[in-house]
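Secondary and tertiary structure notes
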Amino acid sequence: MEMKEQTVQSMTLHLMENRKAYGYTTWGCMWEKGAVSKDASFNVYAKDSTKNKIVPSQSRITAYWPDGSVKWTAHTADSKNGEIFEVIPVNEDVSSKKDMESSLFVKEEEDVYIVDAGCVHAVVPKNKNVILRDVTVDGCVQVTDADLVLQLEERSVKDGVLIQKTVPYTGEIESVSIEEQGPVRVTFCLRGTHVSHANDRRVLPFVIRETIYLNSPKIDFEHTFLFDGDEKKDFLKGLGVRFHRPMKGEMYNRHIRFGTDHGSFHEEMAELLSWRPRVAPEIYDAQTKGQMLYLDADNDQAAATAIEASKHMPIWSRYVLCQDSATHFSIKKKIVNPDCCYIEGLHGMRAPGSVNIADESGSFSLSSKDFWQKYPSGLEVTNLADDNASCTAWFYSPEAKSFDFRHYDTRSYQMTSYEGFPWLGASPEGIAVTSECTLSVRSSLTEENELNTFANRVNKPPVYVESPIAYHEKRAFGYWSLSERKTESEAFLENQLDQLFDFYKNEIEARKWYGLFDYGDVMHTYDPIRHCWRYDMGGFAWQNTELVPTYWLWLYFLRTGREDVFTVAEAMSRHCSEVDFYHFGSMAGIGSRHNVRHWGCSCKEPRVSMAGHHRVYYYLTGDARIGDAMADAKDADLSLKNITYFQQKDETGPYVVIRSGPDWTSFLSNWMTQYERTLTHYYLEKIRPGIKDVSEMPFGLAYGPSYSYEENGPLLYEGEAEK
């Protein structure tokens, strides 16, 4: 295949407004058809007013044109290099990366992968129940190991009394693979299931992605769990990732900080504030500022007094932060003795989801993305007075009431509440939820203001994009218009779009549309009589992609480049690609129509789960989990035989009936996306017969009622009368 000159093409991207450069990030680039060969490599340049400097980076192909040339790529580089990057495809033999830093190194052994990333070394086991271990900085271990924790609440009734029992589960790894490896990052993908040895049960499969970067103190975690339990018996009580850290030094040199909405909550295991003996104020002041105290009792009386006082102080060994709603969090603590109570430390509105543990050997910071938005979330630190402490990022906090997966009723309200069909179809089996957290380790102490800065950067990571004009010129994601206000009509329409987005953005906050299973969605219908959204009325509640708000938001972002639009659209893509459709089981690849519960409607439809909802987010960011979700939808048409209302029957037997718009075009979205990502010919061949059949229909796509559908793609015209 003949290609255009590769060095002619280049993509220039800028740091999105209201985002700050911090650490490694990944962005996407689109290329003209035929311009870039699949064998090309890419150079990334940091641009400023005086010079262009090539920076360490790595690239991968995320989509192809039908001729095999590159359509989309994803690139990773450290944002500290600049706010403007230029990406240039080059031939392998002319790549000018000789001045770049040394690469990240991965060594595979029989049972583990050993990673040397410069300032951080780590080990990723290949099996059992440890997802990471021996995270070392400057020769000092900051994390001994990490594992997955799950708590399910089992309920039963005996003699009229409700009995609730919390059963702990541990994540058991079944497979580990290197998903991406290059000079600046390596991503491991771990898959497995939570196991309870108490009742010999395996439940809730998971997918964990761990990304380690060259010469970076941070490690990113993307945590996905999928529900395969019994909603009548399994109530989610706790879910998270637990890290273990060695603790060294005196109790008065062991510190904990939580990020809050007003600075940080900072304490020591043994506070040097004593009534008798009196500790010198300057020692206590230095301690509260986070300074390490190396007290010399032999030569300093004040130091000797402080040491003596520390022997008689309570040792605070356990701290818990729980964000139990979108507008409240609490912090409590207790001493070493397990028979003693917690005491309340602080209440606030919105915690950023960050914690720091420090001692004489260094510090460990952990932060969860969208912490308060995806409540009930939590951070728990235990055994601070021991040799090995643990820190858990709870994506569902056990401090909150357990989550109930059951439906709100045992029947459907087909007519009165717009719920689709008379039978109940409210199964959560097959849905998923993804959460993210970032670990940062260092051999030195962190400053007081660094923790909230770290949390802000985890919650609002750097995003690099092209200008709306550049995307428009390439016809990225199809045909759409740039914002124009030259005429009165154009100005009116643009103002309507702006006002509509601002309305929903404000409603998310005003109505508190937050929570682990809800954040990212909006409501469907407003009740002007009650003056509230119809949150309790069947098919009028959660939107679940009805009328494709995903398309609207992403196209609106492409036209404006606004950061607030990106944030809302990102949350919607994350939610709708996980909670609103089934990732496995008899309805794999099919979504649930709008309802009081996201999975509550008896209507199960491919339009809810089609890949097209999330293509923009995937190609702009390269997010691997969104890629998984789009792939989960690729064979949605094969699940139709398991869904009652897609079935018809005649003298020859049962057959599947679909509609052109909501169903067949959704399949096209799935097949096209899978084909452009992999060039798998099978999906191209599923597209062709349907296009041919529609073109031969007497009214083309204007025909509406139904087609007989065959699994390999053909559509059979059955006339205009609905059956």
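Residues numbered from 1 in each chain as written. Predicted model: local features only at pLDDT ≥ 70, side-chain atom pairs only at ≥ 80, totals over all residues. Heavy atoms only, no water.

**So, the pairing of strand β23 (residues 354-359)**
The element β23 is largely enclosed, with a buried count of six among its six residues. The alternating pattern of β23 places Ser354, Asn356 and Ala358 on one face and Val355, Ile357 and Asp359 on the opposite face, and all of these are buried. The sheet contact formed by strand β18 (residues 255-259) and β23 spans four bridges and is antiparallel. Considered in β23, the bridge of phenylalanine 258 is made with valine 355. Both β23 and strand β24 (residues 362-368) contribute to a ladder of six bridges, which runs antiparallel. (Buried < 20%, exposed > 50% of the residue type's maximum accessible area, 1.4 Å probe, protein only. Helix = DSSP H or I, 4+ residues; strand = E, 2+ residues; numbered from the N terminus. Pairing = 2+ DSSP bridges.)

**Quick look at the nonpolar core**
Core analysis: the largest hydrophobic core is formed by 57 residues, its most contacted members being Ile131 and Leu366. In this structure isoleucine 131 touches Val124, Pro125, Ala146, Asp147, Leu148, Ile173, Leu190, Ile208, Glu210, Phe221 and Val241, once residues within four positions along its chain are discounted. (Core = buried A, V, L, I, M, F, W, Y, C linked by side-chain atoms within 4.5 Å. Contact = heavy atoms within 4.5 Å.)

**Observations concerning the sheet that holds strand β35 (residues 707-709)**
Taken in spatial order, the four strands of this open sheet run β33-β34-β35-β36, and their pairing is antiparallel. For this open sheet the edge positions go to β33 (647-650) and β36 (715-717), each flanked by a neighbour on one side alone. Sheet twist, expressed as the mean angle between neighbouring strand axes with direction ignored, is 45°. Relative to β36, β35 runs antiparallel, the two being bridged by three bridges. From the neighbouring strand, tyrosine 707 faces β36, where its bridge partner is tyrosine 717. Running at roughly 85° to strand β34 (residues 653-658), helix α11 (residues 660-678) makes contact with β34, β35 and β36 of the sheet. (Axes fitted to C-alpha atoms, helices over the stretch in contact; angles between N-to-C directions.)

**Considerations on the packing of helix α5 (residues 488-510) against helix α7 (residues 563-576)**
Close contact between α5 and α7 brings their axes to 11 Å; oriented N to C, the two are set at 60°. Comparing the axis directions of α5 and α7 gives the class oblique. For the pair α5 and α7, the crossing hand works out as left-handed. Contacts from Phe501, Lys505 and Ile508 of α5 reach α7 at Asp564, Val565 and Val568. Its residues placed into classes, the contact of α5 with α7 shows four nonpolar, no polar and two charged. (Parallel < 35°, antiparallel > 145°, perpendicular 65-115°, else oblique. Left-handed = near helix turned anticlockwise from the far one by under 90°. Nonpolar A, V, L, I, M, F, W, Y, C, P; charged D, E, K, R; others polar.)

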